[in-house]
Structures are given as C-alpha cells and as structure tokens.
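Each chain, letter by letter, is given below.
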There are 4 protein chains.
Amino acid sequence: MTYSIGVDVGGTKIAAGVVDEKGAIVARTRRDTPSRDVAGIVGAIVAVTRELAADHDVDVVGVGCAGFIDAGRSRVMFAPNLAWRDLPLRDDVGAATGLPVVVENDANAAAWGEFRFGAAEDVDDMVLLTVGTGVGGAVILDGELHRGANGIAGELGHMRLVPDGQYCGCGLRGCVEAYASGTALVRNARAAAQGSAAFPGSPERLLDLAGGDAQAITGPMVTQAAQDGDPLARHLIAELAGWLGAAMGSFVSIFDPGAFVIGGGVADAGELLLEPAQEALWRNITGGTHRPFATVRLATLGNDAGIVGAADLARI
Amino acid sequence: MTYSIGVDVGGTKIAAGVVDEKGAIVARTRRDTPSRDVAGIVGAIVAVTRELAADHDVDVVGVGCAGFIDAGRSRVMFAPNLAWRDLPLRDDVGAATGLPVVVENDANAAAWGEFRFGAAEDVDDMVLLTVGTGVGGAVILDGELHRGANGIAGELGHMRLVPDGQYCGCGLRGCVEAYASGTALVRNARAAAQGSAAFPGSPERLLDLAGGDAQAITGPMVTQAAQDGDPLARHLIAELAGWLGAAMGSFVSIFDPGAFVIGGGVADAGELLLEPAQEALWRNITGGTHRPFATVRLATLGNDAGIVGAADLARI
Amino acid sequence: MTYSIGVDVGGTKIAAGVVDEKGAIVARTRRDTPSRDVAGIVGAIVAVTRELAADHDVDVVGVGCAGFIDAGRSRVMFAPNLAWRDLPLRDDVGAATGLPVVVENDANAAAWGEFRFGAAEDVDDMVLLTVGTGVGGAVILDGELHRGANGIAGELGHMRLVPDGQYCGCGLRGCVEAYASGTALVRNARAAAQGSAAFPGSPERLLDLAGGDAQAITGPMVTQAAQDGDPLARHLIAELAGWLGAAMGSFVSIFDPGAFVIGGGVADAGELLLEPAQEALWRNITGGTHRPFATVRLATLGNDAGIVGAADLARI
Amino acid sequence: MTYSIGVDVGGTKIAAGVVDEKGAIVARTRRDTPSRDVAGIVGAIVAVTRELAADHDVDVVGVGCAGFIDAGRSRVMFAPNLAWRDLPLRDDVGAATGLPVVVENDANAAAWGEFRFGAAEDVDDMVLLTVGTGVGGAVILDGELHRGANGIAGELGHMRLVPDGQYCGCGLRGCVEAYASGTALVRNARAAAQGSAAFPGSPERLLDLAGGDAQAITGPMVTQAAQDGDPLARHLIAELAGWLGAAMGSFVSIFDPGAFVIGGGVADAGELLLEPAQEALWRNITGGTHRPFATVRLATLGNDAGIVGAADLARI
C-alpha cells in the first residue's frame, strides 16, 4: 500500500490527511487559514504536510484550493477569496517539503474523490455541483477530469440561467450561482423575514432561530427549519432546488453524464433538496423523459472529498 | 496512404466520399435521400458505399447522421427528421457491404472534420456550433470527441437561454435553438415584414427579395440583404449573434475551450455573424476579459466537414 | 323605466338585447356573424337593432366590438378579427335605424356591465381581465371607464411579462396574452400530449377527450379534465393562473384597484383558476401583504356582460 | 390672484414656496430635513409654512411627501425613507398653522405641476416617471390625478420587468426600479469599474472622476462622463433608457397616454437618456408604430415641480 497527502485549503481551515490507495484517510491534521496572508498560507500548507510526512511514508502531495489553476497543475493564477495572483504553489511547497506536489482546483479535487471512492464510483461520466457560499462545479468525462484549454473548465455555477438576472459576484448577471447558492438562499430567507411577499409562509420559525434578527439568519438555520417542517424554509430550499434542476437539465444536453453529485453545505438538507431538484430536472429534459439520463445523488464523502480527491489526483 | 469512406446522411441528400489520411476527398458521390423510408435510406447508404468501394481500396466506413447514436457507435436510437427508431445501422450497412462500419452523430462528424483538418487544427479543446435549421453542437476535449454516458452529449442547442422563453421543437421553452437558429432568424424576419415594431429598420429590401410575400422570406434572403447593407437584415443577424455569444459565454465557463467553430447555413453571413457574436461573448465572460478565453472562428470545410469527419472517425 | 339596446359583435355571433335601467335584459335576439364581410356585419347589426326596436321603446343603441375604437366612440379604427379599417359604425347604424348609436370596445362594454350590475358593483376602481382566445382588459377608475388619449387604453394583455419571451399575435414577444390566454393554454396542453417534459403528469385523460389526437385538444377539454381532477390539466390551468397573478401584481402597483374581475372562456374553470391566481397575486405585491389590495373575483354576468354594458354605456 | 403654499418634503431638504394661480413661485424658503425624527419633521413643515404665510395671504397648504397617502389626502400611511407610520399630517400641520392642509404623494404633486404648468400642459392623459434613487410614477387620466382605491396608485416603478430578476428594495424581484433607477445605474457603473465584462468600454474616465475608487462613483459622475462623450457612461445610460422604454411600451398598452414626462436626477442626462428611451419605446409598441402613441418629454420644472404641484393640488 502506498500513501499520498491531500491538503484542502479552505477560507477558514486548512485540512489535510494521509490517504491510502483505496481512499481511506489514515491520519489527519488541520489549522486555521491565516487571513489573506499569502506567505502565511503557504507556510501553513507546508506545516501540515511536514507534520503528516513525519509519521508516514508518502510519495506525493496534492493541494486543492479555490481558484483558477494553470493547465500545468502548478500555479494558482487567481483565487477569489485568498487574494492570490499567479502564485507558484507547487514549487513553493515542493521546495519546502522535498516532496513532489500537484495543485488542483478544490471542486475538481472533491469531484475526483466522489468519483473514485464516493457517490459516483459506478459511472464514467459525472458532474459535481457543490452548493455552498457559491456554486462550484467539476466534470469527469470518460473517467478523466476535464480541465480545459486553460485549466479553468467546469465553472458550472457561472452558466447563465436568467438574462439580465440577479447580480453575481463574478461581475455578470443571472448566473446559476446567483440563484442556487447558499448566499442566494440566505438572501431570500432574510427578505422573507423582512416582509417580502415573494415567499409563501410565515417567517416566524426562522426569526426564532435567529433570535428575532432577520439579518442573523444563516444557511444552517434554513436547513434546520426545513428539517423541522417549516413551510417557508422548505419553500426556500425547493426554490433553490428548482434552479439547480433547471441547470442540470441544460447539463444533460451538454454533457450527457451518468450521474450528478450534489455536495456543499446546502446539500445537508438531503432529500429536501434532492427531491425537488430531481423533479425540476425531469421537467427540463430535451426530448422528454423517455430517453436515458443522469441520476442525481448526494455526495457521500462530505468534507473529506477534497482531501481524498487531492491526494488521489496527485498520484496520476 | 490508406483510405476510408465518409457518408453524410442529410434530410435531402446523402453525400459520400473517399477520404485519405490527410483529410482530402479523392472521390465523391451523392444521392437524394429517399423520403422517410428507412429501408430506402439504408439502401442508398449501401449503394453509395459500394459505388465508392468499387474503385478504391477502403478500410472502413463512417456514417454520420442526425440523431441520438448509441455509445457503441452502432445504432441510431432516435433521428428526429428521419423517422428512425433504434435502427442497427452499423450491422445493416456492414452486412450489405462487407466493410467495417461506424455510426456517428452528424455534428460530431463535422466537428471532428474541422478539428483534424479545418478551422480548429491548432487546438486541443474545441466547441462546434452549427447554426442551420436548428442549432447543433459537438465538443472535443483534450483531443477526444465527447460522446457522453449514453452517446448523446453535445446537444448544445438545447441549453436553456431564457426561462419560460420561446417554444423549441424539443418540447421545452427557451433553448438556444429557439433563439439562435436559422428558423428563429426567418421567423423574426417574417414578423418584421408583417409590421412587428420589435425590429428596427424597414422591411422593404427583404420583401423585395421575397416577391412581396412576407411568408416567402428565407434565411439566404436575410443573409443576402445583410451583405447588401440592409439595416434590418443586419439587425436580425446581429440579434441572433448576440444570443450565440451569450451561449458561448456560458460554454467558456463550462468547457474552457481553445476555440469555438461556427458552421451551418447561417454561418454564410461570415463576419456579419462572427463580429457581433464575438462582441457578445466578450460581454459574457465570467471573471472579466483579462483571463484567457476561446477565439471564435468560422468553419472552413463547409459541407465537406461531415464526410471528412465521419471518414476519419471511422479509423479510430 | 327607460330602455336601451346593447349589441355584442363577436367573431361568430352577433347577440343583442333590450336592457332596462337596472341592467336586466328584457328581450333578446342573435344572428351568425357574416364572415369577414363588412357590409354584411353592419347589415346584421342594423337588423337585430330594428328587430328589437320594433317591440320596445328604446332611446339609444350601444354597440360593442373588438378593436381600437376612436375617442369619439363613433369609428372602428382597427378590428383584428373582422378585417375592419376605419369604419364609421356609429353613423352607418344610426342612419339605418334612426337611433342614436355609441360604439365601444367589447372589453370596455363587458367591464362596464360587471361594474354596474355584476361582480364589481361595490367598488369604484376595477380592472377586468377577459381570458379567452386572447387576453383583453378594461379599466374603470373612480367610477369612469378609462379610454385613453386615443381611445385604446386598457390593452392589459399586452403588458410585457417576459423579455424576449414567447411570440404574441401583436408582433411583440412576451406579452401577458402569450402566456395567460386560452391559446397559450391549448398550446401547452398539446405540447404535453406530444411528450414535452415541461408539464408534469400524464396526458392520458386529455388525449382521451380529444380522441387520441393531441392537435384536437381544446380549451374546454382542459377545463373539463381539470374539473374531473386530472393533475396535468390542473397544472396547466394553475400555470396560466400564475402568470395572471403576476400580471395582477403589477396592476396593483399601477392602478391600486378595488377589485379584479376575471371573465372569458377560461374563467369557466372557476376556483381552479381563481385560487392559484389569487395566490400568485399575493406573492407579487410590492410592500408586502400588509397593505390593502384588490380582491379577485370571477365575472358573474357571463356572455350577457357585453350586451348589458354596451346598452348602459350608451346612456351616458 | 390667490396664493397657496406648496411644501416638498424630501429626504434631505424641506423646500416650500408661495405659488400663484398660474404656477409661479413668488416666495421660497427651505430647511434641512431633521433626520428620521417625526416630531422634528412636522415642526419643520409648520415652520416653513408659518414663515411664508407671515408675508403672504394664502388660502391653503399642499404638502407632498414620499410614501403611501390615504385616499382622504390626510394621513401618511407609510413613508419608506422617513420612518413614518400612519401619521395624521394634515391635522397636525393644520392645527399648528390654522390653515387648511392637503397631503399628497410627492410624485403625484410633481406630476400635477408638470401637467398644469410644465412639460405636459397640452395633453389630458399623462404618465410621469421620476428616475432618481428609485423610480416613481404618477398618472393623470382625462385631466384628473389617479389615486386608486387606497390612495396608492401610480407606483409605476414596481411593475415587474423581469421574472426572477434583480432584487428591488420593495421586497420583490425584477421591478422597473431595479433596472431603471439611479441606484441601478450607479451599481452597474461600479461593477464596470471593478472589471465586469458585462459593460463595453473602458472605465478609465469614471474612475478618474471618482478619484480612482470604484465605490465612489456617483450618478452625477456617470451623467458628466456621458456628456463628455465617454462610451461606457453613454452605454450605461442607454441601457437604463432601454429598460425605461420597454416599461413605457407596456404603459402605452395600459394607459394610452398623450405624453410621458421623465423627471428625476437621472433626467439631467437629457437627450442622452431621452433618445434611446424613445427608440426603445418604438420597439415595444403593440400593433406596430402605425397607430398613434405618446410622445416622450423631459420634465421642465425641475425641483420646483413638487412645490408647484402640491400648492396647486391643494386648491382642488
């Protein structure tokens, strides 16, 4: 059995693990992400790698982080949340640790984890959608991760859903992310709690959970209220799921995948998200529902997907 | 030098050619497509193949036709214009000719032709959009044709552009094809000629070309009027190009291709189509125009793309 | 008690009645509408008027017909279904009958009937929406019919609901009429029956009613199926009602009416239309549902509204 | 000659004047608006009224302020920017000044000013759109201000333009105000300056005016840049004008007005706003441009419209 290290660089935590050939994490560590300080973050990545490498005989290191990664899997060209620009992360971490390093987009890493050891082990073509603060995506086609001509394919959250629609953080309007992200969910929940007529049902339960302050409502509160049966919260999640299903309808025409896997924090809503998303997908299938098309599944590896996927991709 | 036969089965003509390893067509033949008669069409495919094989030493035959082709490249599962359902075309043609046969979707064949020997020879990742009666698509990623889990990927004309938008022949609403096809172009031209205020400029020139009958306006008439400088016709093509550019903006996020290639009858408008499409693409790029993204090109092989691509794909 | 005659000129029937001051019809007659023959239609209007005037002492005649009527209530400037252009209907009928005549738009006449003697007797500000082949409208503000600077106000079916939306017979795209008319209902029903995935539920019941022919499905069949409990038919009517409710939300901001009255053939669906329309209205109220806003009611005079309203308006 | 006082209660200034029967302001005064303090604002209204009444023999006082005013023209039911709820403004100001008082919505007052003494003196039916922080509206039909069943008609900025469109301050999505207000203009300008690809042209000039800080760009800066010929600023104003024209197209079908009058801060752009708005209106006319429809004009009274209109309405 050989081992590799996977590092998942998030906005608040850097989580790392030693992963075996079967996708099992045999050791773990984590640190807080130093705030917006490039040298600090690189230092933390080096530190977790050294810590794990001290006790395990590892061959390679895979680092997953948000942003545009170059086609050579070595540089972070642009990282929206980390203030990085054109950082030679592979060489920096490699020089400091003496190990071979590969850098991957975090959604790509998570998709690979689910594809190899999680929800999509049985298919060759898979589309991952991570529904968290934003909507991330990754695409595995015929068993291979699709990275694109410039290494930045699979930004599925930026397909346009609505012409002249809601503003997206990317500078455009109407993207999937502007409708189907946790950010959109929270924005709608707060609007409902402040009296918007657009969402049916009473905001009482959501306001209870938020101590009476509409602006304090969070995504997990919406999920909890929905799981408790609150009609407004269920409506909010179903509306998000409807947009996700519409997007998946287009992805069926585009990719003809074997499976969709839905991850990210909003996926904690489970069937409350999955069922309306599946129904919306059914209603957005070109050629009707008589043709074969992808199943929709929840991710199964949770937060480990990024570590496992980064570690496994580093072997390839 | 080895040779293969490519057959392009269209709604009105079956065109075939003997193609060498460099994509040159060294012999050709064609027949009218027998109308909606499955046995007749299969017979015609066999006939053109035999005719060409009589004079050339060919190894394989590639047949391209519209519709859903199975992942084994052997059966036509569904052909919208030919009334075919689950036809074992590979075996039927193979048995009758004694040659190995491969069946491909026609847009896939054309894309492969342009990728190997035409407008996209220099890239590894390419998206083809054929703008004719409908909007077809095909995707080549990292040098390989993407066929999907069920063999029916790349139906790019059925990505949804407008929620609750215009009816599409596929049974849904708001597809790219409902806005950016030649059919949509002609529909808008006829509406303008009948007094719709929605399109600026006088319909005089278009009505002249159509002998005064709005319902007689055709796509080539719109192209001709636009090339003559008619403002209404140019507006109509630019509006179509705007939708195409918006769609390509989403495809950049999804695929990160090296190049878009635009073919089909509407591409005869040349720069009048290409320039506004490129401008619309620029305005729909997530992350701004500072990142690398695909160029847009016109197809260069014209009607030969399907023959050349089918013949070459059959070798693989 | 004084009497006036109301004439309702429809596409297939010309219906007329003698109406008293309280809105009661004390005598009636009707004829088939001569097909697209202006002189014949004028002759038929004259004939029904003479017939009724022979037995009753009437003061004035009100004629309601579809189309743009001039501000002087005397000329039909444009009638989409009757091939009329700038017809001096008031003078023609007046000269032939020796009675004073007033011409009104048919939706205006129906609205006035409902306002004075029907569903909206209790309010001063009312908006009528007639949902039939098209979507007609009429507006009564502070007790007066609003006719506009050119006599053609109240074309509520041509407010735009969806940018670049479905084609409308008026030459534009995305009008209320393109989504919430009986024509749109039937189009969707036929698409569902032909396998469109966009509408949930089985088309079996609708196809039964139409003898197995999707193209033979009519509006009354959808209403009947919905009343029998068919899920697809109910969905189709609820979808139409959703568009109607969204439109009414805008009309609340624009007019602040006391009541909406819904008439026309599709209103035969009764509560199956009214309830989802009301719910959609609630979700489209600016400023939330804590402010006062209009109730939604079904028309109560049925086909008599046009006769009663035209007769009563002629007195003013 | 008799005189009345008009008071225009704005978010930052309370401006008042003595107005004669011909709409001339013969004396003026103004104060800062006490911040969000109801008693303070009422006190300031009383103070400016007393000051003006001391030197002029006035009959009545008209007070215009933003918000929902009751049908009796006496109470402010809801004022979004002033934190007022159900305030008996007529009685409070009347008791303190000994003068008869009438309360009006501020857009209604401005519309009345333009209708009686400004841009729309020559028509009977007029629609005002004030394009400032929000989009206000007012409607004069057949020479009378339309107030609606609950006194809150004419909220034209809350007609829905885009289903599931951009968030509006009113709690809904896709309202005219979310696209055609000064707030939307500034938001788009800032997005362009931060690198959004959605708007063509360089943000250099706008950034210059804002001292290099995208977040410091204001509406007047956009107007100034546009008047200097800056392509991006002109595009931004033309895009806003396009939405305004689309909205006016719907208002033509709804109201058939004789004229549109455009006021508010964004109207300072003059022809740069008016021309593309007019063109967009032409392209959104149901029935084509062969029918008569409203002209579009800039307001001519500027900030005085509210004072003049409130004073004149108080006489009625």
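Here we summarise the structure given alongside this text. Remember, it's a predicted structure, so these values are computed and weren't measured experimentally. (Residues numbered from 1 in each chain as written. Chains lettered and ligands numbered in written order. Predicted model: local features only at pLDDT ≥ 70, side-chain atom pairs only at ≥ 80, totals over all residues.)

1. A closer look at the interface of chain D and chain B
Each partner contributes to the interface: chain D provides 13 residues, whereas chain B provides 13 residues. Residue composition of the side of chain D that touches chain B, by class: 6 nonpolar, 5 polar and 2 charged. (Contact = placed C-beta atoms within 7 Å. Nonpolar A, V, L, I, M, F, W, Y, C, P; charged D, E, K, R; others polar.)

2. As for the relation of the copies chain D and chain B
Take chain D, turn it by 179°, move it 0.0 Å along the axis, and it overlays chain B with an RMSD of 0.1 Å. Given the turn and translation reported, the copies of this chain are related as if by a two-fold rotation axis. Proximity to the rotation axis, assessed at the C-alpha, singles out Pro163(D) in chain D; its C-alpha lies 4.3 Å from the axis. Comparing contact sets, 100% of the residues at the interface of chain D also lie at the interface in chain B, consistent with an isologous, same-surface contact. (Least-squares fit on C-alpha atoms with pLDDT ≥ 70 in both.)

3. A short note on the interface of chain D and chain C
At the interface, 35 residues of chain D touch 35 residues of chain C. Of the residues in the side of chain D that touches chain C, the class split is 17 nonpolar, 13 polar and 5 charged.

4. Some thoughts on the sheet that holds strand S6 (residues 76-79) of chain D
All names here are of chain D. With antiparallel pairing, the 3 strands of this open sheet are ordered in space as S5-S6-S7. Two strands lie at the open edges of the sheet, namely strand S5 (68-69) and strand S7 (84-87), each paired on one side alone. In this sheet, S7 lies alongside S6 in antiparallel orientation, the contact comprising 3 bridges. Bridge pairing links Val76 to Leu87 in S7. (Pairing = 2+ DSSP bridges. Helix = DSSP H or I, 4+ residues; strand = E, 2+ residues; numbered from the N terminus.)

5. Focus: unusual backbone geometry
The phi angle at Arg73(A) is positive, at roughly 60°, despite the residue not being glycine. Locating Arg73(A) in the fold gives a position in the loop between strand S5 (68-69) and strand S6 (76-79).

6. Description of helix H7 (residues 219-227) of chain C
Residue and element names in this part refer to chain C. Residues of H7 that are buried include every one of Gly219, Met221, Val222, Thr223, Ala225 and Ala226, and no others. Residues of H7 that are buried sit in contact with helix H5 (182-193), helix H6 (204-209), helix H8 (231-255) and helix H9 (271-282). Once H7 finishes, Gly229 follows within two positions and takes phi at roughly 100°, a positive value. (Buried ≥ 20, exposed ≤ 12 C-beta atoms within 10 Å, placed from the backbone.)

Taken by themselves, the reported measurements are silent on function.
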